Amino acid sequence: MCGIIGYIGKRQAKKVLLDSLAKLEYRGYDSAGIAVLNKESHVVITKSIGKVANLEVMCTDADATEEIEDAGCGIGHTRWATHGGVTNTNAHPHQQGRIVLIHNGIIENFRELIVKFHLENQLVSETDTEVAAAIFNYYYEQTNNPEETIQKTIHELQGTFAFGILFADHKDCVYAIRNVSPIVVMHGEGESVLASDIMALAPFGNRYFVLPEYHILKMKKDTVSLMDLQGNMCEPDYLTIDWDVNQADKQGYPFFMEKEIMEQPDAMRRTILPRIKEGMIDLTVDGIPDSLFEGMDHICVIGCGTAMHAGLVAKHLIQQGLKIPVDVIIASEFIYEEPLITDKTLVIAISQSGETIDTLAAVRLAAKYTKRVLAIVNVVGSTITRESNYVMYTNAGTEIAVASTKAYTVQLCALYLLFGKLATIKKCYNYAKQREFVLQICDIIKDVEKILQDKETIHRLTQKLVQAKDTFYIGRGLDHSLILEGSLKLKEVSYIHAEAYSAGELKHGTIALITEETPVIAVMTQKKVKAKTKSNAMEVRARGASVLLLVAGELEDEADWDTVYHLPEREDIFMTFSTSVTMQLIAYYTALDKGLDVDKPRNLAKVVTVE
Ligand code: M6R
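If you're wondering where the values come from, they're calculated on a predicted model, not measured in any experiment.

Asks: If you had to explain the domain arrangement of the protein to someone new, which residues and values would you point to?
Replies: Domain parsing of the protein yields domain 1 (3-241), domain 2 (255-452) and domain 3 (456-592). Placing a centre on the C-alpha atoms of domain 1 and another on those of domain 2 gives a separation of 35 Å. With ten residues of domain 1 at the contact, the number on the domain 2 side is ten residues. Carbon and sulfur atoms supply 63% of the area that domain 1 and domain 2 bury against each other, a total of about 800 Å² over both sides.

Next up, the structure:
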């Protein structure tokens, strides 16, 4: 997590850094800071705990402004705390001697380094980053050469890092180097800029490159250069941003989360329609040949959080529908599990950001066993896409709110298309059946639109939740996969403890927690298990819980229930979309009515780049 930015050029560095940090804030918002090198070659560091807005206030303070007004070179950081609490001292940038450092990642051997370099009395913060700054400074004192300093320091470090480095006596340069944690770079007329993600680069043009791992970046106003650790100069591999990164605007909605929920029908169209040709699913647009699935006997889905929940839906579809064994493994567990992957396994890595470090590590491990690694990712050009054999982009557009909504829905769309394609290849679907499947998948967009039009009704359903401390979501089968995501949404944005429980399992212990103060959301969209889930809902109602039923189809005893919400009815496997969007709205309105910062829930960050 953490966002980093570095700038050198014709614009005012302070403004560039603050504007860019606001765009990177979703990566962490425990504290923010900038360091600029002013014309007198003075390093001026300004930092503040809390959000970037606090830092902006500090930077507009008259005294501060005077000192940094004319600077055209600087680095900035927005922090998600790992080593050391949320304090001003722990906020980046960190200075040791002539070195000023920002860092995204974790230096795992920082304790050993403190001992090795006798840093005990030299450090003021509790961070691993300051240890790295001290080692950079140690070598700079010896060499007086930035490149040599970086080479020597990097050999000492274990862990992940994206560093932006200022050498106080080099006011015309910003340096950077990375391992795993991302850095992208843009160079235009009279300016160069680096950042953790392309969104921060939007004002500077549309050609960028990804800084290769273990390469020293030297940015000047008029040039950028790359050198590997052996001292060889390299050419950057430029890419063009071909999607709209200027979506970072709430367009009248109070929060990005609501805007992104409302954008779902369009995002679904962008993901589904380019992959339909003459009424059939066609993945050639992704460069995915049918041969990818030939001889495949097992699917392993990896991801974290919401992305992993999308994988659970895919498991349900593919394993039950096509009888292909599917494992869904939390990426952070995968790498320690000795997973059963062979060259016949299709590994599907799901990620919105394409940068989640656990998912990336899992992709790297999987790639040792199979050449069938398929990434389903939203962010174009992200690390996971570059390291996978195949990529299906989910065209959600930029997702800013920490809570994933539209990214999840389009992950589902991609997975449904994959399911439909596999069903045909495995001859489970004939031509007519696939066409029918395609019609349905296009039609579900209308269901989502219906739900969105009904958002005020859904808002009213949340009245009891707003007061609750604990709540349960119950469901069976496919509904169980959906409630895992529904409950995660509620937890992360409203801070209400929400457990998703297999409805039939409740009475084996957990029902002891049900009281009048525990609202229950029962999801009943699957015909096969509807009656059973309803019985379980009756069991919690009998213990005093107020129950909100999200239901597909008729309910004979509707009058007996507190609150019932009818979802647009459709064949069971297609109930997923309207149900999950309804639960997104429930979470959103609950958090909104609690007066919380919905887009930036406490303790979280949008991109999780630490293990
Ligand atoms: O970028 P990714 O999809 O790889 O992120 C994985 C999770 O961190 C993410 O899905 C997280 O659970 C959601 N933001 C929660 O809404």
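Asks: An account of the pairing of strand S1 (residues 3-9) is requested, with residue identities and associated values reported.
Replies: Counting buried positions along S1 gives seven out of seven residues, so the element sits mostly inside the fold. A two-sided burial pattern is seen for S1, the buried positions comprising Gly3, Ile5, Tyr7 and Gly9 on one face and Ile4, Gly6 and Ile8 on the other. Sheet analysis places S1 next to strand S4 (residues 73-79), joined by six bridges and oriented antiparallel. Residue tyrosine 7 lies in a different strand from S4, and its bridge partner there is glycine 74. Alignment of S1 against strand S10 (residues 191-195), held across five bridges, turns out to be antiparallel. Within the sheet, the bridge partner assigned to glycine 6 lies in S10 and is leucine 194.

Asks: Explain helix H14 (residues 431-453) to me, using residue names and the numbers behind them.
Replies: Along its 23 residues, H14 runs 34 Å from first to last C-alpha, staying within 8% of the 33 Å computed at 1.5 Å per residue. Of the positions making up H14, those classed as buried are Gln434, Phe437, Val438, Gln440, Ile441, Ile444, Ile445, Asp447, Val448, Ile451 and Leu452. Its side-chain oxygen at 3.2 Å from the backbone nitrogen of alanine 432, asparagine 430 defines the N-terminal cap of H14.

Asks: Tell me about the sheet that holds strand S2 (residues 31-37), residues and numbers included.
Replies: On the basis of which strands lie adjacent, the open sheet formed by eight strands has the order S3-S2-S4-S1-S10-S9-S11-S15 and antiparallel pairing. If you trace the sheet from one side to the other, it starts and ends with strand S3 (43-49) and strand S15 (238-240), each paired once. Ignoring which end each strand starts from, the neighbouring axes of this sheet average 20° apart. The strands that helix H1 (residues 13-24) touches are S1, S2 and S4; relative to S1, the one it contacts most, it runs at about 155°.

Basis of the calculations
Residues numbered from 1 in each chain as written. Predicted model: local features only at pLDDT ≥ 70, side-chain atom pairs only at ≥ 80, totals over all residues. Heavy atoms only, no water. Domains from an automatic or database assignment. Contact = heavy atoms within 4.5 Å. Buried area = accessible area lost by both parts, 1.4 Å probe. Buried < 20%, exposed > 50% of the residue type's maximum accessible area, 1.4 Å probe, protein only. Helix = DSSP H or I, 4+ residues; strand = E, 2+ residues; numbered from the N terminus. Pairing = 2+ DSSP bridges. Expected span 1.5 Å × (residues − 1). Polar contact = N/O pair within 3.5 Å; in protein donor to acceptor, adjacent residues only side chain to side chain. Axes fitted to C-alpha atoms, helices over the stretch in contact; angles between N-to-C directions.

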